[in-house]
Structures are given as C-alpha cells and as structure tokens.
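Each chain is listed here by its residues.
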Amino acid sequence: MKKKSLLSSKIFMLLLMIFFYLPIIYTIIFSFNGSKSLTHWSGFSLQWYERMFSNSSMTEAIWYTITIAILATIISTIVGTITAIGLSKCGKVLRTAVERVNDLPILNPEIVTAIGLLMFFSALGLKKGYLTMLLAHIMFCIPYVMLSITPKLRSLDPNLADAALDLGATPWQALIKVIVPQIMPGIVSGALIAFTMSFDDFVISYFVTGNGVNNISILVYTMSKRVNPSINALSTVIIIMITAVLLIINIIPIIKERKTKK
Amino acid sequence: MKQFKTMAYPYIAWIAVMIVAPMLLIFMYAFTVKGNSVTTFRFTLENFINFFSDAVFLDVLKRSLIIAIVTTIICIIIGYPAAYIIANAPGRKNVMLILLITMPTWINMLVRTYAWVGILQDDGIINSLLQMIGLGKIKLLHTSFAVILGMVYNFVPFMILQIHSSLAKMDKSLLEAASDLGANRVQAFLRVTLPLSLPGVISGITLVFLPAVSSFFIPKLLGGGQYVLIGNVIENQFLTAGNWNFGSAISLIMAVIILISMYITKKVDKGEDAKGGFAK
Amino acid sequence: MKKYIALLLGVSFILAGCGGSSSSSSSSAEGGSNVLKVYNWGEYTGETLIEDFEAEYDAKVICEYFDSNEMMYTKVQAGDKYDVLVPSDYMIERLIKENMLQELDLEKIPNIENLADGVKNLEYDPDNTYSVPYFWGTVGIVYDKNNVTEAELKAKGWEILRDTKYAGDVYIYDSERDSFMVALKALGYSMNTDNEDEINAAYEWLLELNNTMEPTYVTDEVIDNMANGMKSLAVVYSGDAAYILSENEDMGFFMPEEGTNVWSDAMVIPANAENADLAHEFINYVLTYDASYGNSEYVGYASSNAEVLEDMSSEGGDYYENEAYLPRTDNPNDEIFHDNEVLRAKLSELWIKVKAAK
C-alpha cells in the first residue's frame, strides 16, 4: 500500500516537473537557433549570445532587474513581516481595511496600477528612474508577502509566545525566537513570490521608470517587435545564473557537514 | 503583546500614500468624463452606464470570470497534491523541490509564453510528435485550452507555495492524536490536515484568481487577438483608445466583483471569525 | 538572527548605492549638455547608429523604447522629458495640436535636402516645421504565391480577405486602425471618415469577415509566421513584408487599387526637451547617407533618405526586386491617417465587438 502511493507521487511530481520545464528547455534550445525565428529551428549558432553580450543595454538591464528585485524583496519581506505581526494585534476593522487595501495592487490590472502611479509620481514632480521603479516594486511586493504570512500567523499557537514571556523573555526575544521561526515558511514563500513579481514585472516598471533605466522585461517586450532570439539567449543566461545559485545553496550544507564530521 | 500593534502603523502610513492615493486618481477618472480638449471634468455615471448597457462587454466580463475560476480550480487540483508531497519530503529535498518549482517563474513571462506558442502551434513540437505517431494535427493554439494552460502554468507555483507553507511545520502530533483516537488516514486527512491547511488554500486562491481575472498578455498571445478578456479591454482603453475614464470605470467594476467573490470565499473559512491562533 | 538582519541591511545599502550611482552615471555624468534622450520604437535603429553618433559628437545617448504610439503618448503627456521622439504621422498631428512639440530650426538640419520625394510635403507637416521623416511605408497583403494568384488579388483587392476559399488561412492585424482602414477602403470610403453610416458599414464588413473566415488576429507574430509560410494571406506593414519576402521566396506583396494607408514615422523634438541643440544634431545625423543606410538595412523599412532609397531598391541593393520595400506614391486612393479623438474611441469599441463576436 505504501509503496504504491510512493510511486504514484513520484510519477505525479515527475510529470509536474516536465510540465514546468518544457518551455524552459524550449527557450534554451531556441537560443541557439541559427535563424531569427522563435518557432522554427534552422541549425545551431551562437550569434544571439554574441549579440547579447555586446549589447550594453542588455547587460545594464540585467543589473537593474537583479538589484531592484533583491532590494525590493528584502525591504518588502522585512516590512511585510513586521506589519503582518503588528496587524494581527490590531482590531478587526483596521485589519480588514488594510487587507482590502492590500488586495488592490494584486487584483488591479497592472495597467491601472501603472497609470495610477505614473500620474501620482508626476503630480509630485518626482523624476522617474531607478528610485521610482524601486518604490513601485516595494509597493506591490509587500501585499504578496503579507498575504503569505497572515495564514501562518492565524494558525500559530498563542500559548507559545505567552509561555516565552512567562519564562522571562522580552517581547523582542519572544518575537524573534518564538514567533518568527514558526511563521518562517510563510516568510520564505512570501519572499520568493515577492522576488518573482519584481523580477518579472513589465507594465508597472515601464510606466514608472525613466532616465534609460530598463529592466529585462521592458527590453524583452520592446525588442520582441522584430523577432529577436537574443531574448532567449538572455533568458538562458539567467537560467544558468539561477542554476548556479541553486547548486551553491545545495553544496554549501554538504561541505559544512563534511567539515563538522571531520 | 499588545504593543506589537504599533509595528503596523508605518506601513499603514505608506499605503495611504502609495496605494490609496493613486487609486483615488483612478476613482476620479472613473466617475468623470473628459471635456472636449482641455480636461474639464464633470461628474457622471456615464462610463458605468456605457459598460453595463453593452452586451458585448458583459459577455467579455463573464468569460473572464469563468476562465479565472477554471484556472483557480485546476491550480488547486494540481497544487494541493504537489504541496502535500513536497511538505512530506525530507528536509533538503523539500527545499530543492520548492526552488525547482519557483525557478521557472523567474524566467520572463513573455519568454515562457512565447515558448508555449512554439510548442502548441500547428507545426510545433506536440503536433509534430502526433504526426510522427500517425495521428492528425490538433488545433491547440488560439483556443481556450491554450489560454487556461498558459494561465495555470503561470500561477500554479504560487498556489503550491501558499498551500505548502500551511502544510509545512504542521503539528504532526495532531495527526498522531487522530490516529490514536481511531481515525484512518483518509479521515485524519479530511478532519485534521485539510482544515488546518485551509488558510493556505484561501490565500492561494487570492493569489491566483485576482491576477487571473485581469491578465491580458497570456490570453492575447495564446488565445489570439480574438480572445478578448476584460484585461484586454482595459488595456486597450488605457493605451489605444486613450479613454482612461472608461478604462478606470471598468477596472472599478471588476474590482468590486472580485472583492465580493473573495468575501464569499472567505466566509467558507470560518476560521476568520473564530478565536484562536496568534491573531486575537 | 540579528546577524542575518545586519547582513541583509548591509547588502541592501550596497545595492542601493550601486544602483543609485550607476543610474546617475548612465544619465548626466558629463553634465546636462551632452546627454540626449531618445524615445523610439523598439529595434528601429541601425546596429551602430547610436554608438557612431555618441563617438562623433562626444555625447551619451539614453534610449527608451515604445511599441505603440499611444504608449509613447501616455508617458510624454505625463511630463517625462525626452529630446527626440519618433512618432507616427497621426500622432505627430495630435502632438502639434496639443502644443507638445517645438518648431525645428531647419538651419541646424542642412541634411534635410536628402529627403526622398515621397516624404516631402506630407499633409500633417508640409514644411517640416516640426518633423523630419525617418521611415515610411504602406500596408498591404502578403500572400503565398503557391496558393494565391496575382490575378485574383487584382480582381478582388481587399475583398480577397473575405473569400471563403481562404477561410482559416488568413492573418488579420490586431489593430482597429488598420482593420477599419481595410474595411473602409474595400467599401470605397475614406479611411478618415467620421460618417456614422460609413463606419457602421465597415463594422459590418469586419463582422462578416470575423464570422465567415475564422481569421487569426495577430500583431508582430505575423512576421515570423509568414516568413515560415504558415498561412496564405496576411495584412502586413510594408517594412515587415520586405523582411518576410527576403526570407521566403514563396511570398509576394500586393497593394490593392482601392487604396491603402501610406504612413510615415518622423523625428520630432518635444517642447520640454532639455537638449534641443543636440537633438537637432541627431536628426541631422540620421539623415546622412551612412546612418540612413544602416537604419534601412537593419530594420528593412523604406528610408526617408532619397539616395539610400534609390540604392536599396536598384540593382545590387539589398531590397532589389523586393516588391515590399519601395512604397508606391502614385495611387490617388492612398491616404494618410489623421488624428481624430472621437473616431479613435468609437473604433476601439467597435473593434472589440468584432473580435468578441461569436
């Protein structure tokens, strides 16, 4: 009985992974395409990579995208966590109001948020560029973080925090050492989602940026007018970078284990 | 513990500025109409009346809602088992799986969607394979199937993440207690695991349904230009028609509908009102 | 725990510092006088145009891209400052009407004499008071020569798109402006008409097309798809058609006698430009033979420079015998789009109804 269910879950996960990675593999393959086409193969070539690396706007865009995504993720995760915890202690009316307001950036079509922010920044006379893009990203990331953390907070056992206080912990210690570790899966998934939303954002970024600050999505979108597999080359490079990070994350614990064994 | 509530105040100030203020601008656009050339506003419900009196728009809205609901349901059907399997996987494998699931979402959505176009089109991979086996071509691209496939592909990782974070670190002793009390595995699942994971499912639904209703790029590319969803209409009004007033009005209508449906969904999760958990 | 927070904050500050400084260095490091902000269509300049200009004028060019006039308009009217824009004819008309452009000092643009005849005296700006043409072209039908004969095209004109023989085999451009143009021309009306009856007739024309032909509405995917011969007929811009024809010899390009849209994209300087002088230099530079040649060669659109146009389309040129490269100038039924706000909104609404109809 157990063996059977283990097999079916393995098959399920395998199929799921194939589903997830099919387009990724397709992208990688087509980044080596000899012709301009994004859909018809005509031989192996590295021309798109050459083009990509010699194109400074692409490398700049990668830099901007990564830095803004990391910054936005860090800031929104910290602020989101603090606020979610604080909010759980507030009255129901306030909490519901904030949650509804938080829903707005998620449910609104991005063009609406984008136009709203565009007009808002213009009204304030803010010069558009890196800062406005960062602010906008933080703005729409925090709701995602809070959305991930709040369910975890609700299923927390309140007695644990109280017990900590009884045993002499300060509120800060209770927060850091009891509450946060318990909601950690929510924080992590919130951070992951925030990173994704920021990394991939196009519409909002497009309208609030300026000064030549482009992110990868903007480049991809405006360059796909005339069929450009450099985009696939760009994506493949990102895939490689991410895979490298994943490998590092997995190798470090192994190295640590070996060291402690010695 | 009560002093924690002041931690929320800075953010509340932030959203008043960053979310509410821009939304007020949109609100203002929705209830006004542009004058002839200079922006002289007059308050009116014209935009809303225009929308509701046109059967085509209502039809588009209905279709968008249906697609979003179907997408959400499929995401739950795929996402829950996946989250369950991952949550029960040992330590490092758990982390690896989560990262594997999330990684595709970091590749630009445009790029991934174009890849699906290539895979699904009439002479794409799938049809080529079918032809090799001797079966005929199927029209896969520019169908509802393609749109839902694309949307599910885009959103299911979020559903998995949300459900997973609910299932992870679930108190295993509760399950042990259940089996001690005579429950079999199915009963234990239905009466212990499922209810405890419900908050995760609800937030997963929020994360999928909301953006799904307003998405425009995936329907455009995978459904073809003739696949018009409410997101496409809004985008068109803002960018091509230049009619921000009408576009804003449609978004408000959509927002209200979504908020109402979320409210109904949350009623299902009775845990909102019940005392218990950290949030009192 | 505290260590992690400190680490995160440290990383944040470093990144913020880098981000801030790199964005300021990519903008006004040399002070305001040698920076040029160009807002252009995506992939619309020759491979080395920007670098060559930067080298010759010791300047820094910041490029931003748009993929529709309306997108550009949205950012410009919100107050974003650019030095050079490259909008289309009808958008330029609108910008002029709304006083958003500055008059050009033609003495700073001597190369204006290089302009081809086809782009001189354009209706929206006959004396080049505000604009200097960049690319121009027409809209036509790309057809698979194996499946469609020229005789058929000549006989039917735009109506061939509704010939049920080709049901399921047609690409229509997903743009209300272009589709209504096709319908209005097919019915013999002006593409700029605001006569309600004529517009409704066009709407019915398109509705029937939608209901009987199973068309596929696409935008730029049409370029790649037709280059790979996926369907028999498509409505395509001439520049994109030139690319398709150069990639696929089975494809031909046809412009119906009933008339089509002749369009042009031109360089303009916004009223709030910060570096108008350098903007003039840029415009002048683009009109040189080398720059225009580079543009036309890479993008495939018809150049506004007379010599380049000539060389490209004659023997030895890249687009010799490519019937889509050189726009026609001799058909009195061809028209330029004019800006009409009321029409714009109406067409938008009708187009959605056409597409959403079952």
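Everything numeric in this text was worked out from a predicted model, so none of it was measured.

Asker: Just to check I follow, could you spell out the overall build of chain A for this structure?
Answerer: From N to C terminus, chain A includes 11 helices and zero strands. In chain A, the order of α-helices and β-strands from amino to carboxyl end is α-α-α-α-α-α-α-α-α-α-α. Counting only C-alpha atoms, chain A reaches 70 × 60 × 40 Å along its principal axes. For chain A, with 262 residues in total, the buried portion stands at 51%.

Asker: Would you mind showing me how to read the nonpolar core here?
Answerer: Across soluble globular proteins, nonpolar side chains have a tendency to be buried as a group. Grouped together as the largest cluster of nonpolar side chains are 268 residues, with contacts concentrated most on Val-84, Met-226 and Ile-244 of chain C. When residues in this core are grouped by element, the largest group, 16 residues, is from helix H6 (residues 130-154) of chain A. Apart from the residues within four sequence positions on either side, Ile-244 of chain C is in contact with Val-142, Ile-223, Met-226, Ala-227, Val-236 and Met-251 of chain C.

Asker: Help me understand helix H13 (residues 341-356) of chain C in this model?
Answerer: Counting along an α-helix, one turn takes 3.6 residues, and residues three or four places apart therefore face a common direction. Taking 1.5 Å of rise per residue, 16 residues should cover 22 Å, and H13 of chain C covers 23 Å from first to last C-alpha, within 8% of that figure. Looking only at H13 of chain C, the buried set comprises Leu-347, Ser-348, Glu-349, Leu-350, Trp-351, Ile-352, Lys-353, Val-354, Lys-355 and Ala-356 of chain C. Where H13 of chain C is buried, its residues contact helix H3 (55-87) and helix H11 (230-239) of chain B together with helix H6 (176-186), helix H7 (196-213) and strand S6 (216-218) of chain C.

Asker: How do you make sense of the interface of chain B and chain A when you look at a structure like this?
Answerer: For interface size, the figure often reported is the accessible area lost on association. Contact residues are listed per partner, giving 78 residues for chain B and 75 residues for chain A. Elements with a minimum of two residues in the side of chain B that touches chain A: helix H1 (9-30), H3, helix H4 (91-106), helix H5 (109-120), helix H7 (144-167), helix H9 (185-214), H11 and helix H12 (244-268) of chain B. Looking at which element gives the most residues to the side of chain B that touches chain A, the answer is H1 of chain B, with 11 residues. Looking at the side of chain B that touches chain A residue by residue, the classes come out as 51 nonpolar, 20 polar and seven charged.

Asker: Quick question: what am I supposed to make of the packing of H7 of chain C against H13 of chain C here?
Answerer: Any two packed helices are characterised by how steeply their axes cross, that is the angle between the axes, and by the distance between the axes. All names here are of chain C. Relative orientation of the contacting elements H7 and H13 amounts to 25°, with a least axis distance of 9 Å. Classed by the angle they form, the pair H7 and H13 counts as roughly parallel. Note that H7 runs across H13; the crossing there is right-handed. In this structure, H7 uses Ile-199, Tyr-203, Leu-206, Leu-207 and Asn-210 to contact H13, whose residues at the interface are Lys-346, Leu-350, Val-354 and Lys-355. Grouping the constituent residues of the contact of H7 with H13 by class yields six nonpolar, one polar and two charged.

Asker: Even after reading the chapter, I still don't get the environment of Ser-155 of chain A, so can you show me in this structure?
Answerer: Residue and element names in this part refer to chain A. Along the chain, Ser-155 turns up in the loop between H6 and helix H7 (158-166). The exposure class of Ser-155 is buried, given the 23 C-beta atoms found within 10 Å. For the pair Ser-155 and Leu-22, spaced 133 residues apart in sequence, the C-alpha separation works out to 37 Å.

Asker: Before we go on, may I ask you to explain unusual backbone geometry in this structure?
Answerer: Both trends apply: most residues other than glycine have a negative phi, and most peptide bonds are in trans. Phi angles above zero are rare outside glycine, and Asn-211 of chain A is one such case at about 60°. Relative to the helices and strands, Asn-211 of chain A resides in the loop between helix H9 (203-208) and helix H10 (216-223). Residue Asn-211 of chain A is classed as buried on the basis of its C-beta count, with 23 C-beta atoms lying within 10 Å. One non-glycine residue, Asp-58 of chain C, lies in the positive phi region at around 50°.

Asker: For this particular structure, what's the right way to read the domain arrangement of chain A?
Answerer: Segmentation of chain A into domains returns domain 1 (56-228) and domain 2 (229-262). Centre-to-centre, using C-alpha coordinates, domain 1 of chain A lies 25 Å away from domain 2 of chain A.

Asker: Would you take a moment to explain the interface of chain B and chain C for this structure?
Answerer: The interface of chain B with chain C comprises 15 residues on the first partner and 15 residues on the second. Going through the elements one at a time, H3 and H11 of chain B are the ones with two or more residues in the side of chain B that touches chain C. Residues of the side of chain B that touches chain C, tallied by class, amount to six nonpolar, eight polar and one charged.

Asker: When you look at helix H9 (residues 238-247) of chain C in this model, what are you seeing that I'm missing?
Answerer: All names here are of chain C. H9 sits mainly inside the fold: eight of its 10 residues count as buried. Regarding H9, the residues found buried are Ser-238, Gly-239, Asp-240, Ala-241, Ala-242, Tyr-243, Ile-244 and Leu-245. Tucked into the core, H9 has its buried residues touching strand S4 (131-144), helix H8 (221-227), strand S7 (233-237), strand S8 (251-254), helix H11 (289-299) and strand S10 (302-303).

Asker: I keep staring at the packing of helix H5 (residues 110-124) of chain A against H11 of chain B and nothing clicks. Help me out?
Answerer: At their nearest, the axes of H5 of chain A and H11 of chain B sit 9 Å apart, and the two run at 30° to each other. Between H5 of chain A and H11 of chain B, the angle is such that the two are roughly parallel. Across the interface between the two elements, Ile-111, Val-112 and Ile-115 of chain A from H5 of chain A touch Ile-234, Glu-235 and Phe-238 of chain B from H11 of chain B. Residue classes in the contact of H5 of chain A with H11 of chain B are distributed as five nonpolar, no polar and one charged.

Asker: How should I be thinking about the pairing of strand S5 (residues 170-173) of chain C in this particular structure?
Answerer: Within a regular strand, the side chains alternate between the two sheet faces. Residue and element names in this part refer to chain C. Side-chain alternation along S5 places Val-170 and Ile-172 on one buried face and Tyr-171 and Tyr-173 on a second face that is also buried. The sheet contact formed by S5 and S7 spans two bridges and is parallel. Residue pairing across strands places Tyr-171 opposite Ala-234, the latter belonging to S7. Across three bridges, S5 lies against S6 in parallel orientation. What sits directly across from Ile-172, in S6, is Tyr-217.

Criteria and cut-off values
Residue positions are counted from 1 within each chain, in the order its sequence is given. By the order in which they are written, chains take letters starting at A while ligands take numbers starting at 1. In keeping with the model being predicted, local features are shown solely for residues with a pLDDT of at least 70 and side-chain atom pairs are shown and tallied solely at 80 or more, while totals for entire chains, interfaces and linings include all residues. Helix numbering and strand numbering both begin at the N terminus, where a helix is a DSSP run of H or I of at least 4 residues and a strand a DSSP run of E of at least 2. With C-beta atoms placed from the backbone, the exposure class of a residue follows from how many other C-beta atoms lie within 10 Å of its own: 20 or more, buried; 12 or fewer, exposed; in between, partly exposed. Each nonpolar core reported here comprises buried Ala, Val, Leu, Ile, Met, Phe, Trp, Tyr and Cys residues connected via C-beta atoms within 7 Å. Residue pairs qualify as contacts under a 7 Å threshold applied to their C-beta atoms, which are placed from the backbone. How far a helix is expected to stretch is found by multiplying one less than its residue total by 1.5 Å. Think of it as three bins: nonpolar holds Ala, Val, Leu, Ile, Met, Phe, Trp, Tyr, Cys and Pro, charged holds Asp, Glu, Lys and Arg, and polar takes everything else, Gly as well. Every angle, taken between N-to-C directions, lies between 0 and 180 degrees, and every axis is a line fitted to C-alpha atoms, over only the stretch in contact when it is a helix. In these notes the angle categories are as follows: under 35 degrees is roughly parallel, over 145 is roughly antiparallel, 65 to 115 is roughly perpendicular, and the rest is oblique. In a left-handed crossing the near helix is turned counterclockwise from the far helix by less than a right angle, and in a right-handed crossing that turn is clockwise. Source of the domain bounds: an automatic or database domain assignment. The rule for pairing is simple: two strands pair if DSSP sees at least two bridges between them.

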